[in-house]
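Per-entry structural report
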Amino acid sequence: MKCHNRNNNTVSKLLECVDADGAFEHLEALQAIADENGGNRAAGLPGYDASVEYVASTLEDYGWDVTIEEFPFKYVGPSELEQLTPVNAVYETGPFTGTGYGEVTGTVIPVDVNLVGDRASTSGCEAADFAGLDFSGASDIALIQRGSCAFADKAINAEAAGAEAVIIFNQGNTPEREELIVGTLGGDDVVGIPVVGASFAQGEALAQQGSTARVMVPQPEDRPQKNVIAELPGRNEDNIVMAGAHLDSVQAGPGINDNGSGSAALLEVAERLRKLKPQNTVRLAWWGAEESGLIGSEQYVASLSQVERSHIALYLNFDMVASPNYIYMIYDGDQSGFEAPVAVPEGSVQIEDLFESYFTSVGQPYDDAEFSGRSDYQAFIENDIPAGGLFTGAEVVKNEEQEAIWGGVAGEAFDQCYHQACDDIENVDLDALDVNVDAIALAVLAYSYSTESVNGVPGKPVRGGLNLPAPAGPEMTWSAGGGGYHHDHEPTDLD
Ligand SMILES: [Zn+2]
């Protein structure tokens, strides 16, 4: 009760009250929402609307000023690929970005595929690949193998040859090119016919004599989505500390680590800060449609005036903070581990330093996560707002050195259920959640007093002091791919 009723305005009071159990209750609520809504909480689907209602009503109970902001969104339903003959099977698939729409049931026509030996092929890259093939029918499906040229060239050539749909399957020439491939044609509406992906094994099955199939890519529908914004007004309303997490899941699963974890951690912090009378305004955000391309956060930042943007002192992002095979990572604002592929706003280094000092203070090893812009902080850094955040890893595989430092299992992904149905309530590590929810609470509290270290705006000293040591330094520097965010990172194909 003391945690609920008192003003947790010092680091020690706040961290005494913030914990993984509180965040876990919110994760259970999000799991229940997914269970009641077809197993996911994805943008455009009822599980997301229910997530918004849960977060907004919880924050209102805590006494925060809550607004729900709507933005336009094109919902794309699941695509389908079914082989009808000579075998009948439903295959996992997805639409290439830039695809056309519609449903085609017809003959599968392999285009210069090479299923043996080195499996090298120009499949669909050259006009000659289509010579002698009969695409004159009304529902011909071109079967194309990955390799030799961009996916866009293959799809455009197939459409020009007269195909009504295209299946592009993985090349099968290396172990990395066996699984389902879903890439991009490099723009919107590149072709007018449906283009879907398949694995190499499915490509082999579809290449058999007498093969027929059904390909379906649904037309996008207008389904506006929502961000939840909650505010605790400060004495200085012109200096705003923002922290956010995306609330939507992918369509494939309930999204409990990605990103129920960040959403739940922010809710726990919101509960414990409810009595705070901050110096700087504290504004928390739960973003919609991140998994569809960072849409909610982009729409939010775009909706602000230049003056409103200039009042945002900094933005903290929390996307996947309880990975089951975790390591602790902090966005690498000083680029000590990764050269950033984006411009890093001044002040971001100081945010990284604060998190580093926190991990040092609790004796936890930490490492760098690439400051890639590939989550909801992108729109903020593009507007020169300093940013930072935490990450415990996605589909990248843990190495031996990391196992020695953080435990867990080398040779397995940080999150083996990343973007899958098994990203459920079992798919979180409570120790990681406990450490990170404290880190989040500490950073929000510290900056609610003063952001002077980040943007030069004077505030007030933290009551009771911050009492943090200098950063111990990252544990190790590890090779590319460490950022692990592939949300907006579909292959165009490079060879
Ligand atoms: Zn995410």
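Note that the coordinates shown come from a computational prediction; the quantities given were computed from them, not determined experimentally.

Section: the sheet that holds strand E16 (residues 367–369)
The mixed open sheet is built from eight strands, whose spatial order is E1-E11-E13-E12-E14-E17-E15-E16. The two strands at the open ends of the sheet, each matched to only one other strand, are strand E1 (65–71) and E16. The sheet shows a mean angle of 25° between the axes of neighbouring strands, taken without regard to direction. By the bridge criterion, eight bridges tie strand E12 (residues 236–246) to strand E13 (residues 280–287) in an arrangement that is parallel. Paired with Ile240 across the two strands is Thr281, which belongs to E13.

Some remarks on the domain arrangement of the protein chain
Each assigned domain of the protein chain is listed with its residue range as follows: domain 1 (2–75 + 223–455) and domain 2 (80–217). Placing a centre on the C-alpha atoms of domain 1 and another on those of domain 2 gives a separation of 39 Å.

Notes on the sheet that holds strand E6 (residues 140–145)
Strand order in the open sheet formed by seven strands is E4-E3-E9-E5-E6-E7-E8, with mixed pairing between adjacent strands. This sheet does not close on itself; its edge strands, each paired only once, are strand E4 (89–91) and strand E8 (195–198). With direction set aside, neighbouring strand axes in the sheet form an average angle of 30°. Bridging between strand E3 (residues 80–85) and E4 involves three bridges; their strand directions are antiparallel. Each bridged residue has a counterpart across the sheet, and for Leu81 the counterpart in E4 is Tyr91.

Description of the pairing of strand E9 (residues 212–217)
When E3 meets E9, the two strands line up antiparallel, connected through five bridges. Within the sheet, the bridge partner assigned to Thr85 lies in E9 and is Thr212. In this sheet, E9 lies alongside strand E5 (residues 102–110) in antiparallel orientation, the contact comprising six bridges. Each residue of the ladder has a partner; that of Val104, found in E9, is Val215.

Things to note about the environment of Gln402
With respect to the element layout, Gln402 can be found in helix H12 (residues 400–406). Of the residues examined, Gln402 has 23 C-beta atoms within 10 Å and is grouped as buried. Setting aside chain neighbours within four positions, we find Gln402 in contact with Ile327 and Ala410.

Criteria and cut-off values
- Residues numbered from 1 in each chain as written.
- Predicted model: local features only at pLDDT ≥ 70, side-chain atom pairs only at ≥ 80, totals over all residues.
- Pairing = 2+ DSSP bridges.
- Helix = DSSP H or I, 4+ residues; strand = E, 2+ residues; numbered from the N terminus.
- Axes fitted to C-alpha atoms, helices over the stretch in contact; angles between N-to-C directions.
- Domains from an automatic or database assignment.
- Buried ≥ 20, exposed ≤ 12 C-beta atoms within 10 Å, placed from the backbone.
- Contact = placed C-beta atoms within 7 Å.

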